[in-house]
2 protein chains.
Amino acid sequence: MAKNVGILAMEIYFPPTFVQQEELEAHDGASKGKYTIGLGQDCLAFCTEVEDVISMSLTVVTSLLEKYKIDPRQIGRLEVGSETVIDKSKSIKTFLMQIFEKCGNTDIEGVDSTNACYGGTAALFNCVNWVESRSWDGRYGIVVCTDSAVYAEGPARPTGGAAAIAMLIGPDAPIAFESKLRGTHMSHVYDFYKPNLASEYPVVDGKLSQTCYLMALDTCYKYFCHKYEKLEGKQFSLSDADYFVFHSPYNKLVQKSFARLLFNDFLRNASSVDDTAKEKLGAFSTLTGDESYQSRDLEKASQQVSKPLYDTKVQPTTLIPKQVGNMYTASLYAAFASLLHNKNSELAGKRVILFSYGSGLTATLFSLRLHEGQHPFSLSNIATVMDVAGKLKSRHEFPPGKFVETMKLMEHRYGAKDFVTSKDCSLLSPGTYYLTEVDPMYRRFYARKDGNCSACENGSVVNGH
Amino acid sequence: MAKNVGILAMEIYFPPTFVQQEELEAHDGASKGKYTIGLGQDCLAFCTEVEDVISMSLTVVTSLLEKYKIDPRQIGRLEVGSETVIDKSKSIKTFLMQIFEKCGNTDIEGVDSTNACYGGTAALFNCVNWVESRSWDGRYGIVVCTDSAVYAEGPARPTGGAAAIAMLIGPDAPIAFESKLRGTHMSHVYDFYKPNLASEYPVVDGKLSQTCYLMALDTCYKYFCHKYEKLEGKQFSLSDADYFVFHSPYNKLVQKSFARLLFNDFLRNASSVDDTAKEKLGAFSTLTGDESYQSRDLEKASQQVSKPLYDTKVQPTTLIPKQVGNMYTASLYAAFASLLHNKNSELAGKRVILFSYGSGLTATLFSLRLHEGQHPFSLSNIATVMDVAGKLKSRHEFPPGKFVETMKLMEHRYGAKDFVTSKDCSLLSPGTYYLTEVDPMYRRFYARKDGNCSACENGSVVNGH
């Protein structure tokens, strides 16, 4: 069986267009700090009319193949996680086949996986399993997470965002799965869902969703610790991992989540936390589970005592989610990309725990073990290729009014047919795909921006058949 | 690594309500034989207002667990293939978690897989790979295929159908995968898709879809034969497998498909077909690929010469698809269930080749090797449990007018909220789940019919949270 199966390479793409949360706050008439401190967010990236989840995934997969010099014929599996539905039957994966068909490779397994923000994790697990299975044919897999998170006007709107991530999967990976260390919790809940099929916007119960997230985290952590103890013969605590990466709808929830794990450690084995924590958390040890989710005092105390550990084990993972916003399926992996960006080679030998959550609900806590790896599949090269700092720096800030205007246009465009876009790709980096047209039969047409923007109109056009 | 991984057990459910194709033909004013001979279909099953893809999947999973006496805690993975979207974010899988949560089992991986009729095959491959991977925890997996195929009034409407299938996955299976024998072809095409999000109906180009299906079949067969020859050191031909099972939008396409495989054998190695076939097909050997898909003469000649082989290698797989109609993701496995029903224990030692096709497009040709197996996971017990004959016999025929009326009601119900159904489960078998209500927040409520229908209203109610 293939060994050290995991992530060999990564690429991330987010739209260059964004709004400052501080400005959005003022524009919305929200109290100062509501989005920046209350949610813990800095900026929000969004697709304009020339971008969507298909264009973003075309961009990120093409970039992955080009930057790591992977021959498209070396790909044997390609799968997508997304909750941004443009077509209810035709998968995003089939749009991506355009990249491979032109090289004569159509023998590529995998389709789309769906459950809210968890679809990318499901796809990732499936791809790793494929490499470890008898069906593996020795080629690489690619997992794509692509989403555009948009909300109706109101309190949820500042929790939007957009991005696509592509991960190359294979054996002997610098980012390898510890497959036996995994805790999963799935349940039937209506915390966030998309039953209004004609609208891109979800139905959200923010308060319920936060409680579901924390309850799922508790349960996954319990299973995870149980498996660890069975395997390793000793109790697991936060000190047994170097970094914790969370699905990040907004940063404040990540702070609460890490505090919650510390509270779990305290309840399970008080000696695993320091004296200050023991003292401050003691008062809450008799709360029932339900009470503990509602207690603002516990929230405050646990965040306070976990702050030093948060700063070392979590803070390095928060850059992109804070700068881009919620990216649904891509959020967790954008947080992980932030860690690679911040720490790159220092991560060799480290254990990183990831928590994936999708409303509805599906959640898994799982473990990765990192090694430096061999060029081009090395931690340092992955960080170089992703160029997170460069991408953040070359963005274009939109005033809130223009953001709201764009959202309005996008509402009309969602599910629509028979229109041509502005084809304005002046804000896009070279190599970025963009939407040019949706014809009267709903068929979507994309083009790729060449080296300079004047060449947009002559960019290589990707046709529907 | 786990050995002989595959299907341990199966259950099938289709709505008890159906219309005769012969009557629909007359009702629609179509020429006599258009649906029965032209499409090769006998009946069409459909959901009334009390059934949908969620209720059908609740029914089939519960029945699978009960009839094979599987403790729900023994399930470690559950995944769904479907293209009938009721919610764009919340997976059908999470609805099924209700069955497991009440037994305290929430540690179950897997979500929904989507690409048209191929989603079930993707889920099946994923589940088999899981059992063969390091992530496997020794428990069983379940794969569910559930779809309701409905079309706008017009020529495609008689190609509807509805069903759900559940398959139990694990090692030492009577229906084991030959994982190395597999040919996949995926491509970006708009042959059938669902871009009109507010409508349940697809956009279909029937002629293009048929050509895409046959082209995909050719390509998959080419890859499959290539892999077989590399592994076995000899050419593959139809004589190397005992049965061929096809995704079946309508039976006529299955006839054409098998004929096409024989034509492939003839082109690749004329000595693998008999003298009559050689003689009749000779005239077509110089056609280009495109020409060959358009040639009615070739279609006729190849169907004629393949008829004897079709009768032995394909006809036993056609019962349910002809009686129920297209079941999208469930179609291929309903055809396979027909084979188990017709041949059960005789299948021990046989090789069965399956062709899965999903528009958009994604397709795989793959191989299963059958063994009698040990009770309750034996071929004969699977046939007994599925009770295909009993289920077909206990159906209720609707006149075409009532079918059209039901389709109209369902159009209004699709994507709707705030309504209560008739709760009339008089036509449903005991143990069947049915939809009772969709509340103002779009939350769906189901109940299960008890032993007799008078107890419907007191059936165990499955609530949204």
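Residues numbered from 1 in each chain as written. Chains lettered and ligands numbered in written order. Predicted model: local features only at pLDDT ≥ 70, side-chain atom pairs only at ≥ 80, totals over all residues. Heavy atoms only, no water.

Colleague: Teacher, can you tell me more about the interface of chain B and chain A here?
Modeller: How big an interface is tends to be stated in terms of accessible area lost as the parts join. Each side of the interface is counted separately: chain B has 77 residues, and chain A has 77 residues. In total, chain B and chain A occlude about 6700 Å² of area from one another, counting both sides; carbon and sulfur atoms represent 51% of this. It is K88(B), R134(B) and H188(B) in chain B that bury the most area against chain A; as a group they hold 14% of the surface buried on that side. Counting every contact that joins chain B to chain A gives 6 salt bridges. One salt bridge connects E132(B) with R134(A), and the closest N-O pair in it is separated by 2.9 Å. Looking at the side of chain B that touches chain A, the elements with two or more residues in it are α4 (92–101), β5 (112–114), α5 (119–132), β8 (175–186), β9 (192–193) and α6 (206–232) of chain B. Split by residue class, the side of chain B that touches chain A holds 29 nonpolar, 28 polar and 20 charged. Both strand β5 (residues 112–114) of chain A and β5(B) contribute to a ladder of 3 bridges, which runs antiparallel. (Contact = heavy atoms within 4.5 Å. Buried area = accessible area lost by both parts, 1.4 Å probe. Salt bridge = Lys/Arg side-chain N within 4 Å of Asp/Glu carboxyl O. Helix = DSSP H or I, 4+ residues; strand = E, 2+ residues; numbered from the N terminus. Nonpolar A, V, L, I, M, F, W, Y, C, P; charged D, E, K, R; others polar. Pairing = 2+ DSSP bridges.)

Colleague: Looking at this structure, how should I read the relation of the copies chain B and chain A?
Modeller: These two copies of the chain differ by a rotation about an axis and a displacement along the same axis. When chain B is brought onto chain A, the operation consists of a screw motion whose angular component is 180° and whose axial shift is 0.0 Å, with 0.0 Å RMSD remaining. The relationship between the two copies is best expressed as a two-fold rotation axis. When the interface residues of chain B are mapped onto chain A, 100% of them again lie at the interface, so the same face is used by both copies. (Least-squares fit on C-alpha atoms with pLDDT ≥ 70 in both.)

Colleague: Honestly, the packing of aromatic side chains in this entry has me stumped. Any pointers?
Modeller: Aromatic rings in a pair are described by how distant their centres are and how their planes are angled relative to each other. By the definition in use, this model includes 40 aromatic pairs over all chains. Here Y221(B) and F236(B) contribute two aromatic rings whose centre-to-centre distance is 6.0 Å and whose plane-to-plane angle is 80°, an arrangement assigned as edge-to-face. Remark: F236(B) occurs in the loop between α6 and β11 (243–246) and Y221(B) occurs in helix α6; sequence separation between them is 15 residues. Of the two residues, Y221(B) and F236(B), neither departs from the other in class, the shared state being buried. Taken together, Y221(A), F224(A), Y228(A) and F236(A) form an aromatic cluster joined through their ring pairs. Against the face of F95(A) rests K90(A), its NZ or CZ located 4.6 Å from the ring centre. Positioned over the ring face of F125(B) is R182(B), at 3.7 Å from the centre of the ring. (Phe/Tyr/Trp six-rings, centres within 6.5 Å; stacked < 30°, edge-to-face > 60°. Buried < 20%, exposed > 50% of the residue type's maximum accessible area, 1.4 Å probe, protein only. Lys NZ or Arg CZ within 6 Å of the ring centre and 35° of its normal.)

Colleague: Where do I start with the sheet that holds strand β16 (residues 396–397) of chain B in this structure?
Modeller: All names here are of chain B. Strands sit in the order β3-β2-β16 across an open sheet of 3 strands; the sheet is mixed. The open sheet has two edge strands, β3 (43–45) and β16, and neither has a second partner. Of the pairings in the sheet, the one linking strand β2 (residues 17–20) to β16 comprises 2 bridges and is parallel in character. Residue T17 lies in a different strand from β16, and its bridge partner there is H396. Its contacts with the sheet put helix α1 (residues 21–28) on β2, β3 and β16, and the angle it makes with β2 is roughly 65°. (Axes fitted to C-alpha atoms, helices over the stretch in contact; angles between N-to-C directions.)

Colleague: Looking at this model, I keep getting lost on the packing of helix α6 (residues 206–232) of chain A against helix α7 (residues 251–268) of chain A. Mind explaining?
Modeller: A pair of packed helices is captured by two measures, namely the crossing angle of their axes and the spacing between those axes. All names here are of chain A. Direction vectors running N to C along α6 and α7 enclose 45°, while the axes themselves pass 10 Å from each other. Of the possible angle classes, the one that applies to α6 and α7 is oblique. The crossing of α6 and α7 is right-handed. In this structure, α6 contributes Q210, Y213, L214, L217, D218, Y221, C225 and E229 to the contact, and α7 contributes L253, K256, S257, R260, L261, N264, D265 and R268. Residues that form the contact of α6 with α7 fall into these classes: 7 nonpolar, 3 polar and 6 charged. (Parallel < 35°, antiparallel > 145°, perpendicular 65-115°, else oblique. Left-handed = near helix turned anticlockwise from the far one by under 90°.)

Colleague: Quick question: what am I supposed to make of the sheet that holds strand β16 (residues 396–397) of chain A here?
Modeller: The strands that make up a sheet are held in pairs by hydrogen bonds between backbone atoms, and each pair lies either parallel or antiparallel. Residue and element names in this part refer to chain A. Spatially, 3 strands are ordered β3-β2-β16 in an open sheet, and the strand pairing comes out mixed. Unpaired on one side and paired on the other, β3 (43–45) and β16 mark the two borders of the sheet. With 3 bridges connecting them, strand β2 (residues 17–20) and β3 associate as antiparallel partners. If you follow Q20 over to β3, its bridge partner there is C43. Lying over the sheet, helix α1 (residues 21–28) contacts β2, β3 and β16, oriented at roughly 65° with respect to β2.

Colleague: I tried to follow the UniProt feature "domain: Hydroxymethylglutaryl-coenzyme A synthase C-terminal" (unreviewed entry) in chain A on my own but got confused; where do I start?
Modeller: Within this numbering scheme, the UniProt entry marks residues 175–449 of chain A as carrying the feature "domain: Hydroxymethylglutaryl-coenzyme A synthase C-terminal" (unreviewed entry). Annotated as 45% helix and 20% strand, the span residues 175–449 of chain A places its first and last C-alpha atoms 32 Å apart. (UniProt positions renumbered as here; feature names shortened; annotations may be inferred.)

Colleague: When you look at the packing of α1(A) against helix α15 (residues 400–413) of chain A in this model, what are you seeing that I'm missing?
Modeller: Residues and elements named next belong to chain A. Packing of α1 against α15 brings their axes to within 9 Å, and their N-to-C directions diverge by 80°. Classed by the angle they form, the pair α1 and α15 counts as roughly perpendicular. Residues E23, L24 and H27 of α1 pack against P400, G401, F403 and V404 of α15. In terms of residue class, the contact of α1 with α15 is built from 4 nonpolar, 2 polar and 1 charged.

Colleague: Can you walk me through the side chain of S209(A) in this structure?
Modeller: Residue and element names in this part refer to chain A. Tracing the sequence through the fold places S209 in helix α6. In terms of polar contacts, S209 uses its side chain to reach the side chain of S359, at 3.5 Å. For S209, the residues in contact, after removing those within four places along its chain, are D191, F192, Y357 and S359. (Polar contact = N/O pair within 3.5 Å; in protein donor to acceptor, adjacent residues only side chain to side chain.)

Colleague: I'm lost on the pattern of salt bridges in this one. Help?
Modeller: Note on pairing: side chains with opposite charge can pair once their charged atoms come close. Tallying each qualifying case throughout the model produces 52 salt bridges over all chains. A salt bridge links E11(B) to K67(B); its shortest N-O distance comes to 2.9 Å. One end of the pair, E11(B), is in strand β1 (residues 6–13); the other, K67(B), is in helix α3 (residues 53–67), and 56 residues separate them in sequence. E229(B) is the salt-bridge partner of R268(B), the closest N and O atoms lying 3.4 Å from each other. Here the residue R268(B) occupies a position in helix α7 (residues 251–268), and E229(B) occupies one in helix α6, the gap between them amounting to 39 residues. Since its relative accessible area comes to 32%, R268(B) is described here as partly exposed. Among the charged side chains, a salt-bridge network with shared partners connects R77(A), E79(A), E109(A) and R182(B).

Colleague: Sorry, what's going on with the UniProt feature "domain: Hydroxymethylglutaryl-coenzyme A synthase N-terminal" (unreviewed entry) in chain A here?
Modeller: Here the UniProt feature "domain: Hydroxymethylglutaryl-coenzyme A synthase N-terminal" (unreviewed entry) sits at residues 2–174 of chain A. Helix makes up 30% of residues 2–174 of chain A and strand 26%, with an end-to-end C-alpha separation of 14 Å.

Colleague: Looking at this structure, how should I read the nonpolar core?
Modeller: Core analysis: the biggest nonpolar cluster contains 207 residues, and M10(A), F336(A), M10(B), I142(B) and F336(B) have the highest contact counts within it. Excluding residues within four positions of it along the chain, M10(B) makes contact with L64(B), Y68(B), I165(B), A166(B), M167(B), Y333(B), F336(B), A337(B), L340(B), I382(B), V385(B) and M386(B). (Core = buried A, V, L, I, M, F, W, Y, C linked by side-chain atoms within 4.5 Å.)

Colleague: Please explain the confidence of the model for chain A as it appears in this structure.
Modeller: Predicted coordinates in areas of low pLDDT are best not read in detail. Residues and elements named next belong to chain A. In the predicted model, chain A carries a mean pLDDT of 95, and 97% of its residues have values of at least 70. Below a pLDDT of 50 lies the segment residues 452–465, which in the model reaches 35 contacts outside its immediate sequence neighbourhood of four places, other chains included. The complex model carries a pTM of 0.97, and its ipTM stands at 0.96. (pLDDT = per-residue confidence, 0-100.)

Colleague: Sorry if this is basic, but what is going on with the environment of R134(A) here?
Modeller: Tracing the backbone shows R134(A) in the loop between α5 (119–132) and β6 (140–149). As a C-alpha pair, R134(A) and K391(A) span 257 residues in sequence and 39 Å in three-dimensional space. In this structure, R134(A) is in contact with M1(B), A2(B), K3(B), V5(B), E132(B), S179(B) and K180(B), ignoring residues within four places of it in sequence.

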